[in-house]
Each structure stands twice: as structure tokens, then as C-alpha cells.
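# Inside the fold
Residues per chain are reported as follows:
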Amino acid sequence: KIKSRKGSLLATFALGCIIFIDDYFNCLTVGSVMLPVTDGHKVSRAKLAYIVDATAAPVCMIAPISSWAAAVSGIVEGYNGIELFIKAIPYNYYSLLTLLMIVVITTMEFDYGPMAVHERNAVEKGDLYTTDARPYANVVTEDISSKGKVVDLLLPVVFLIISCVVGMIYTGGFFEGETFIDSFANSDASYGLPIGSLVTLLFIFVLYLPRRIVTFK
């Protein structure tokens, strides 16, 4: 469905906004998924890296349900941390303006400084790297299974978000009688997120292996 360079960058931004649970999960997932798409539309790796990274942290910093919100809300004493976090969102100028800037420079196709050099080389010369440091440029790609469908991408992402939220409120005592807000504010993201990741990994095995979408070959 993506027909242009602009569309590939906006799709990268949109996917980054969807995966708001954690900035590291965001970068890993969005980067892996969108890399072949942006490569196919001659988007420089520098531009892809910028869009991915500039979306990940700001989205997590303004999402009430995220590892960032859990960490910040747990610091404030004497207040409802989550409520305070939500009220502070309109004043998080860095996050809001960064997300706005991504949309503006993408829709206007405006690049400046070193980024303009990277993008010009990508469009005119087909050089997605520009610099001598070309990570993964010569890596031999493995055969991609033709059995995969769109749901095989979307379902694990949705499951990951849900399982991570459940993992975080579990560490905050939700299943021991705490309210959702209090359990999330008191959660341990460093413990809850790995729980959600592990459950999602097992879910992916069940989803993929019987249909041989992936193998251990």
C-alpha cells in the first residue's frame, strides 16, 4: 500500500506512535519492520534512524501507559503520580514539538545540514549510507517466508502491548487488590516488561511454528 518515499516515512512515524509501551521496544520493532520498506523507496538509513528514534522517546514520554510513565509517576510523593503525569502532558514541549517536526519535515520534504546530504545521495545515487561506516550493508539476507500475512505482524505487536501492560500492573499489585492506576504507578518496569516480552515470545512460537512461518533451521 505504500507507494512513495513520503508514505514510507509517515508509515514509520505512525507505527512508532502505535508502539508506545517502551522506547526501546519501539526502536527495535519499528526499525526492523520498516527497514525493507524505506530501503525500497530510497530513504537513507540516517533518515530512517532519525524518524524511528525521534518518535520513540517522545511518544513514550506522553503516553500514560508506558515504562516512562511508570518510572516518573513512582517518584512523586504525596500525589497521584499518574494523574500528575497526565496533567503535565500539555507542557511536555520537547515531545510535542518533536513529533510535530517529524510530520512537518516529512510532508514538506524538507531536510537540512548533514541529513540533506544523506537524502540527496540516497535519491540521486542510490547510496543509503553516505558515510564509510556502512553497518549491515553487506549482510546476506535470509530467505523470507511467503507464508506470512499482515496479521502475523499486527497480532504480536498488539499482544506485546497488552502483555506488557499486564506485566507492569502485576508487579504493582493489581492482582492483590490495588487499583489499576495505583498498581501502574507502583509498577516495576524493569521486571514487568520482560514478563510481557517472554509471554509474547511464547505466543509467537505458537502462532508461527505450526505454520512454519519461521523455523530453527
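The rules we used
Residues numbered from 1 in each chain as written. Predicted model: local features only at pLDDT ≥ 70, side-chain atom pairs only at ≥ 80, totals over all residues. Heavy atoms only, no water. Axes fitted to C-alpha atoms, helices over the stretch in contact; angles between N-to-C directions. Helix = DSSP H or I, 4+ residues; strand = E, 2+ residues; numbered from the N terminus. Left-handed = near helix turned anticlockwise from the far one by under 90°. Core = buried A, V, L, I, M, F, W, Y, C linked by side-chain atoms within 4.5 Å. Buried < 20%, exposed > 50% of the residue type's maximum accessible area, 1.4 Å probe, protein only. Phe/Tyr/Trp six-rings, centres within 6.5 Å; stacked < 30°, edge-to-face > 60°. Contact = heavy atoms within 4.5 Å. Parallel < 35°, antiparallel > 145°, perpendicular 65-115°, else oblique. Salt bridge = Lys/Arg side-chain N within 4 Å of Asp/Glu carboxyl O. Patch = residues over 30% accessible without salt bridge, like charges linked within 9 Å, V, L, I, M, F, W, Y side chains within 5 Å. Areas by Shrake-Rupley, 256 points an atom, 1.4 Å probe, with all protein chains shown as cover. pLDDT = per-residue confidence, 0-100. Expected span 1.5 Å × (residues − 1).

### Some points on the packing of helix α8 (residues 150-171) against helix α10 (residues 189-208)
It is the contact of α8 with α10, at a shortest axis distance of 7 Å, that shows an interaxial angle of 145 degrees. Crossing handedness for the pair α8 and α10: right-handed.

### Considering the nonpolar core
In this structure, I21, F25, C164, M168, F184 and L193 are the most contacted members of the largest nonpolar core, which totals 25 residues. Those elements that place two or more of their residues in this core are α1 (5-18), α3 (45-62), α4 (67-73), α5 (81-88), α6 (93-107), α8, α9 (180-185) and α10. Formed by eight residues, the second largest nonpolar core is a distinct cluster that contains I19, M34, V157 and I161.

### As for the packing of aromatic side chains
A complete count under the given rule lists six aromatic pairs for this structure. An angle of 85 degrees between the planes, with centres 6.3 Å apart, marks the rings of F174 and F180 as edge-to-face. On the numbers, 6.3 Å between centres and 15 degrees between planes, the contact of F180 with F184 is stacked. Here F180 and its partner F184 are both found in helix α9, four residues apart, which amounts to about one turn of the helix.

### Thoughts on the side chain of T106
Checked against the element boundaries, T106 lands in helix α6. Contact partners of T106, with chain neighbours within four places excluded, come to K6, L9, L10 and I51.

### Digging into the packing of α1 against helix α2 (residues 23-40)
In the contact formed by α1 and α2, the axes pass within 10 Å of each other and the chain directions differ by 160 degrees. One element, α1, and the other, α2, form an angle in the roughly antiparallel class. As for the relative orientation of α1 and α2, their crossing is right-handed in sense. Contact residues: α1 offers S8, A11, T12, L15 and G16, while α2 offers N26, V30, V33, M34, V37 and T38.

### Some thoughts on the pattern of salt bridges
Under the counting rule described, the total for this entry stands at six salt bridges. A salt bridge links E119 to K47, with the nearest nitrogen and oxygen atoms 3.9 Å apart. Placement of the pair is E119 in helix α7 (residues 114-125) and K47 in helix α3, with a sequence separation of 72 residues. Given a relative accessible area of 2%, K47 falls into the buried group. Connected through shared salt-bridge partners, R5, K47, D111 and E119 make up one network.

### Some words on a nonpolar patch on the surface
Together, Y91, Y93, L97, L100, M101, V104, M108, F110 and Y112 give the surface a local cluster of nonpolar side chains, amounting to about 1,000 Å² of exposed area. With respect to the secondary-structure elements, Y112 resides in the loop between α6 and α7.

### Section: the confidence of the model for the protein
Here the protein averages 89 in pLDDT, while 95% of its residues score no lower than 70. The weakest mean pLDDT in the protein belongs to α4 at 81; the strongest belongs to α6 at 97.

### Quick word on α7
For α7, spanning 12 residues, the distance from its first C-alpha to its last is 16 Å, which sits close to the expected 16 Å at 1.5 Å a residue. Buried residues in α7 make contact with α1 and α3.

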